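# Structural description and commentary
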Amino acid sequence: MRPDPSELLELAGRVAREAGEMLRAGIGHLRIDVTTKTSGTDMVSEMDRASEALIVEGILAARPDDAILGEETGSRDGTSGVRWVIDPLDGTTNYLYRHPIWAVSVGVEVDGRAEVGVVVAAGLGEVFTATRGGGAWLDGAPISVSGATDLAGALVGTGFGYAASRRGRQAVVLPHLLPAVRDIRRNGVASLDLCWVACGRLDGYFEAGGQPWDVAAGLLIATEAGASAAGLDGGPVVPESVMVAAPGVAPALFALLVGAGADEPLKPPH
Ligand code: IPD
């Protein structure tokens, strides 16, 4: 039987809020047991792991047959057709430096398609949600993308990977972008960048090299709020190749990013 999206939303919201509360309460324990992952700049703390354990336990207690893909513990197969895609602490670097911008991101797919997204920004006391076809919400109020129509007046977020070689190639886009837009932001939380496009705090966002857990919830929230989305080569959007924007600036922004080679960091260095 096909699961009820409102039940999935309720469970996603509950586990993400619980994890967000635990993380907020744990800020005093910062930098305890911090290790690095993919590179020396990619930190993971005991808080990332504790948050994921709490979320996974909550999901499996309610829905033992579901599959799970989590940033810290990897994947677990299921039999129900439902998969939970979890970033237990998006913006780990911000969190460990006591910046208030970090989030718990929980996306739910049914038969491979995003159905529910919840991003809890517990440091800011904000919760973004969306269900497929049901719109996007901030703290229970509907949200929509900005009405920006002029690229020169657009505020555009981006993010960088952890590998030094990829970062060098990501930087190559900036001389093309900076003179053409109002300004850029590097918030350090991909899931929230997408939510901020959804509520008009950014007019667009792009990043090469993201992971499914960075964008599973946020992409649904952004598109349900009316954002246009594509891959950095102009093809379909996929986690590792994301550009989203308010429809009024999307054609100009997307053309600029494709022309500037924003997907280059995804190709092997020459
Ligand atoms: C990172 C953040 C960052 C983005 C990186 C992500 P993490 O997630 O979302 O903004 O630029 O690509 O890996 O490591 O803090 O969960």
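About the criteria used
Residues numbered from 1 in each chain as written. Predicted model: local features only at pLDDT ≥ 70, side-chain atom pairs only at ≥ 80, totals over all residues. Heavy atoms only, no water. Helix = DSSP H or I, 4+ residues; strand = E, 2+ residues; numbered from the N terminus. Rg over C-alpha atoms; globule rule 2.2 N^0.38 Å. Buried < 20%, exposed > 50% of the residue type's maximum accessible area, 1.4 Å probe, protein only. Contact = heavy atoms within 4.5 Å. Lys, Arg positive; Asp, Glu negative; His and termini not counted. Charge placed at Lys NZ, Arg CZ, Asp CG, Glu CD. Pairing = 2+ DSSP bridges. Axes fitted to C-alpha atoms, helices over the stretch in contact; angles between N-to-C directions. Parallel < 35°, antiparallel > 145°, perpendicular 65-115°, else oblique. Left-handed = near helix turned anticlockwise from the far one by under 90°.

Turning next to the overall build of the protein. Tallying secondary structure elements over the protein gives 8 helices and 15 strands in all. A globule of 270 residues ought to have a C-alpha radius of gyration of about 18 Å, and the protein, at 18 Å, matches this closely. For the C-alpha atoms alone, the extent of the protein along its principal axes is close to 50 × 40 × 35 Å. Looking at the 270 residues of the protein, the share that counts as buried comes to 53%. Relative to all contacts within the protein whose residues are 6 or more apart in sequence, the contacts with residues 24 or more apart total 63%. Measuring between centres, the 21 positive side-chain charges of the protein sit 3 Å from its 34 negative side-chain charges.

This part is about the sheet that holds strand E8 (residues 126-131). In spatial order, the strands read E4-E3-E5-E6-E7-E8-E9-E10; together these 8 strands make up an open sheet with mixed pairing. Two strands in the sheet have a free side with no partner beyond their single neighbour: strand E4 (74-76) and strand E10 (141-143). Sheet twist, expressed as the mean angle between neighbouring strand axes with direction ignored, is 20°. Summarising the sheet, strand E3 (residues 67-70) and E4 pair through 3 bridges and their orientation is antiparallel. When the sheet's bridge partners are listed, Gly70 is paired in E4 with Gly74. Against the sheet, helix H6 (residues 190-198) contacts strand E5 (82-90), strand E6 (103-110), strand E7 (113-121), E8 and E10, and its axis sits at roughly 100° relative to E7. Packed on one face of the sheet, helix H7 (residues 212-224) meets E3, E5, E6, E7, E8, strand E9 (135-138) and E10 and runs near 100° to E7.

Helix H2 (residues 46-62) packs onto helix H1 (residues 5-25) with a crossing angle of 155° between their chain directions and a minimal axis gap of 9 Å. Overall, the two elements H1 and H2 adopt an arrangement that is roughly antiparallel. Here the hand of the crossing between H1 and H2 comes out right-handed. Along its contact with H1, which presents Leu11, Val15, Glu18, Ala19, Met22 and Leu23, the element H2 presents Met47, Ala50, Ser51, Leu54, Ile55, Gly58, Ile59 and Ala62.

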